[in-house]
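Results of the structural survey
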Amino acid sequence: MRKLFILGVDGATFDLLKPWTIQDHLPGFAKLLNEGCHAVLKSSIPPLSPIAWTSIATGVNPGKHGIYDFLLKKTTNDSEQPYFTFATGGDRKTKAFWEILSEAGKSCIVVNMPCSYPPDPINGIMISGWDAARDKAKAFHPKQLYQEITKEFGEYYMVPIDILSKREMASKDVQSNQRLHEALLKMTRLRRRVLGYLAKKYPWDIYFGVFYETDIAQHRFWSTLAKGAETDSPIFHVYQEIDFFIQDLLRDFGDEIDIMLVSDHGFKPLLTGIDLNSYLDQQGFLRRKISIKGKLIFVLLRHFKSLRRTLKSVGRSSWLPERISNMKPRHMNIDFENSDVFFEGMYPYFHVLDKGKDRDIIPKLLQSLAKLEYKGQKVFKKILPKHDVFWGPYVDQVPEIIGILNDHFEVAGAEVFMSKLGSKDNVFLDHVWEGNHSENGVFIFRGNEARREQMETINVFDIAPTILAYYDLPIPTEMDGLPIQDVLGNREVTYSDYNIYKDESVAETLRPEDQQAIEERLRALGYMA
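Within each chain, residue numbers correspond to sequence positions counted from 1 in written order. With pLDDT at 70 or above as the cut-off, local features in this predicted model cover only qualifying residues; side-chain atom pairs require 80 or more to be listed or tallied, and sums for whole chains, interfaces and linings still use all residues. Based on all heavy atoms of the structure, the side-chain values leave hydrogens and waters out of the count.

Turning to the overall build of the protein, a few remarks are in order. Each helix is a run of H or I in the DSSP string that is no shorter than four residues. Each strand is a run of E no shorter than two, and both are numbered from the N terminus. If you tally the helices and strands in the protein, you get 20 helices and 24 strands. Remark: exposure states derive from per-residue accessible area (1.4 Å probe, protein chains only) relative to the maximum for the residue type, with buried under 20%, exposed over 50%, and partly exposed in between. A total of 529 residues make up the protein; the buried ones form 62% of that total. Pairs at least 24 residues apart make up 72% of the contacts formed inside the protein by residues separated by at least 6 positions. In this analysis, two residues are considered to be in contact whenever any of their non-hydrogen atoms come within 4.5 Å of each other.

Structurally, Leu41 can be placed in strand β2 (residues 37-42). For Leu41, the contacting residues outside a window of four places in its chain are Val262, Ser263, Glu439, Asn440, Gly441, Val442, Phe443, Ile458, Asn459, Val460 and Ile463.

Let us look at the pattern of salt bridges. A carboxyl oxygen of Asp or Glu within 4 Å of a side-chain nitrogen of Lys or Arg is what we treat as a salt bridge. Taken as a whole and assessed by the stated rule, the structure comprises 32 salt bridges. Notably, a salt bridge pairs Glu99 with Lys502, separated by 2.7 Å at the nearest N-O pair. With Glu99 in helix α5 (residues 97-103) and Lys502 in the loop between β24 (495-496) and α20 (512-525), this pair connects stretches of sequence that are 403 residues apart. Residue Glu99 is classed as buried on the basis of its relative accessible area of 12%. Residue Glu213 pairs with Arg191 through a salt bridge whose shortest N-O separation is 2.7 Å. Highlighted residues: Glu213 in helix α9 (residues 213-221) and Arg191 in helix α8 (residues 174-201), separated in sequence by 22 residues. The same class applies to Glu213 and to Arg191, which are both buried.

All right, on to unusual backbone geometry then. That bond from Ile45 to Pro46 is cis: its omega, -5 degrees, falls within 30 degrees of zero. For Pro46, the location among the structural elements is in the loop between β2 and α3 (49-58). Non-glycine residue Asp24 carries a positive phi angle of around 65 degrees.

Let's shift gears to α8. A helix is expected to span 1.5 Å multiplied by its residue count minus one. Here α8 spans 41 Å end to end across 28 residues, near enough to the 40 Å set by a 1.5 Å rise per residue. Residue Asp173 occupies the N-cap position of α8, its side-chain oxygen lying 3.1 Å from the main-chain nitrogen of Gln175. N or O atoms within 3.5 Å of each other form a polar contact, as long as, within protein, one can give a hydrogen and the other can take it, and as long as residues adjacent in sequence are counted only when both atoms are side-chain atoms.

Turning our attention to the confidence of the model for the protein. The pLDDT score gives, residue by residue, the confidence of the prediction method on a 0 to 100 scale. Considering every residue of the protein, the mean pLDDT works out to 88; 87% of them sit at 70 or more. Note that residues 315-325 has pLDDT below 50 and, in this model, 16 contacts with residues that lie over four places away or in other chains.

Bringing the sheet that holds strand β18 (residues 409-411) into the picture now. Here, any two strands with at least 2 DSSP bridges between them count as paired. Strand order across the open sheet formed by three strands is β18-β11-β19, with mixed pairing between neighbours. Of all the strands in the sheet, just β18 and β19 (428-429) have a single pairing partner and so form its edges. Judged from the three bridges that link them, strand β11 (residues 272-274) and β18 form a sheet pairing that is parallel. Counterpart to Ile274 in the pairing with β18 is Val411.

All right, on to the packing of α8 against helix α10 (residues 234-253) then. The contact between α8 and α10 brings their axes to 10 Å, and the two run at 15 degrees. When the axes of α8 and α10 are compared, the pair comes out roughly parallel. For α8 against α10, the interelement crossing comes out right-handed. Contacts between α8 and α10 involve His181, Leu184, Leu185, Thr188, Arg189, Arg192, Leu195, Gly196, Ala199 and Lys200 from the first element and Pro234, His237, Val238, Glu241, Ile242, Phe244, Phe245, Asp248, Asp252 and Phe253 from the second. In terms of residue class, the contact of α8 with α10 is built from 10 nonpolar, four polar and six charged. Note on method: axes are straight lines fitted to C-alpha atoms, helices fitted across the in-contact stretch only, with angles between N-to-C directions ranging 0 to 180 degrees. Every angle not falling under 35 degrees, over 145, or within 65 to 115 is termed oblique; those three ranges are roughly parallel, roughly antiparallel and roughly perpendicular. Definitions for this section: a left-handed crossing has its near helix turned counterclockwise from the far helix by less than a right angle. A right-handed crossing has that turn clockwise. Ten residues, namely Ala, Val, Leu, Ile, Met, Phe, Trp, Tyr, Cys and Pro, are considered nonpolar, four, namely Asp, Glu, Lys and Arg, are considered charged, and the remaining ones, Gly among them, are considered polar.

If you want it as structure tokens, here you go:
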């Protein structure tokens, strides 16, 4: 049985890869393209990393795997105010392909997969991605691997804020941009060395390693592609480091392995950010709660993180309402009792409250959102009820309405609404990003039986069933994707009623300080700008 190396490149797009390979700037990527098959890989809805990577890993949609956004709404006995936690691998309801392969006796290595903490106790090695606990050692399986990696390579970086200050991450001045550029290259080089070290030292049947520095670079430096030579852009420099890794892989393993390259989504330039709660406020769907005390608490909670951690710690006591222990300062000026709808998350999910349901507000909301424009461009492609987008046993956990954004638009976090202190203008606003996610990702396969051709568009759901069939395992009928025949060659595809759902009783809940660590990482990356 041949080995399969799956290389994840977060946000990779053919819009950049094809011109750069044609111009001989990326010989590693070019070899994969020229000696295999490739296709546009359609991302999940929405095209956000936690959702798309989880769909790649599981072969199912969020209605089954349970992760629909960076922020997930949680149930509580205290109904006065909803609360949210950051999505982690512990929220995943279905098994990933590496768990199924591990059960079948295959040796697996999984490194840097977004939304994969805590690491699964697989037959092999796993290092979680940016959703890991504040104590990074907990992100490694087996546990002793952390000491080995840090002894060999020094500090292990998850995200640029491990290297840079918060000010440098938030600023776009020349010096801060240069520091971020350097940090991304430092991280990519470290990732390249760690991935190669593990591949050569430990046995494996399947290896899944992800670079997500491309996503950060494209968010922050997209405009540099139009300034001078593209090869001077920090974006190109990050792609080039990954190209060096591909060349290393081909040199060290040659034709002994097959290589599959996937991205969770593509990229486009960003036009503007949108404060959706301000829009809902203007249209009468949401009511603002004006309170001097609330503003003071907001400032304290936002700027004094230790106070937030203390409240969360005390909140575990049974005498304090559950909503206090999960307090988000950006919710403190929303009058939930008298509002119909509010927005929360990092994609346009609209939560319809009891008052809105009683008033049958959804048709009016859909009509209003469909009219939202910026400089003559519609903000939304579609606005749909959740059951038109997702299906499965966990679809009821998803907010009632989802707006499918047109390219070039990005929602601003709910905290922006809180910080406006009563202003009802400026629905559209500047964003720290220059580039944003698009639905067209990348799929490339170079293998012993691969056809050299461009295929029809495939879906993120198709990856997991294809990997199982590659190893001659039956595909669970509960999976939503289809096997990619150009990858499988003459292999016979079979199906089974294998239960893909995980035992929820063993799901791990992150401690408040670890939730805070995720928030700090996402804020530094611009996801909560």
